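Examining the three-dimensional arrangement
The primary structure of each chain is shown beneath.
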Amino acid sequence: MSKTIYILNGPNLNLLGQRQPELYGHDTLQDVERTCTAVAAEFGCEIVQRQSNHEGQLVDWIHEARQNAAGIVLNAAAYTHTSIAILDALNTYDGLVIEVHVSQIHKRESFRHTSYVGLRADAVLMGFGVNGYALATRHVCEMLTAKG
Ligand code: DQA
């Protein structure tokens, strides 16, 4: 069984570390990748981390994950709140889906309180800062390792 986990990031997260640091902190996606790679390695798992500002690209990567990944850690960023296309793609996927948000979206504007991703996600982490990615990765690894 595949022990690859896709960590997919949506729009503007390429600017993590520079963008609104009071909300999203100073760590970059490269820092996230380094941390999650180390967590996954503890379990003999591996991660593939990607980021796109384009909805269709995220849909394509979710389709790719159908063949290649046993779990998806997804921060769809603003598409979380708008994208039925991403929800539909996630509904074609059989593995674990963990929704991650760096900020606690329920403390923010009401338009962020709706999550289409949440209609499919098996678990949701928000408000843990970038540590949410590592926590989510650890959870997926534990589930995969438990299954053998
Ligand atoms: C975010 C929260 C979203 O509402 C926002 O559009 C983002 C980042 C987060 O990680 O906290 O771009 O997903």
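Residues numbered from 1 in each chain as written. Predicted model: local features only at pLDDT ≥ 70, side-chain atom pairs only at ≥ 80, totals over all residues. Heavy atoms only, no water.

**Notes on the pattern of salt bridges**
The full count for this structure, using the stated rule, is six salt bridges. Arginine 120 is the partner of aspartate 122 in a salt bridge, and the nearest nitrogen-oxygen pair spans 3.1 Å. A relative accessible area of 13% places arginine 120 in the buried class. (Salt bridge = Lys/Arg side-chain N within 4 Å of Asp/Glu carboxyl O. Buried < 20%, exposed > 50% of the residue type's maximum accessible area, 1.4 Å probe, protein only.)

**Quick look at helix α2 (residues 29-42)**
Residues spaced three or four apart along an α-helix point in a common direction, a consequence of the helix completing one turn every 3.6 residues. In a regular helix each residue adds 1.5 Å, so 14 residues correspond to 20 Å; α2 covers 20 Å between its end C-alpha atoms and thus fits that length. Among all positions of α2, only Leu29, Val32, Cys36, Val39 and Ala40 are buried. Down the axis of α2, the buried set is contained in an arc of 95°. They therefore lie on one face. Opposite the packed face of α2, turned more than 90 degrees from it, sit the exposed residues Gln30, Arg34, Ala41 and Glu42. (Helix = DSSP H or I, 4+ residues; strand = E, 2+ residues; numbered from the N terminus. Expected span 1.5 Å × (residues − 1). Arc of directions from axis to C-beta.)

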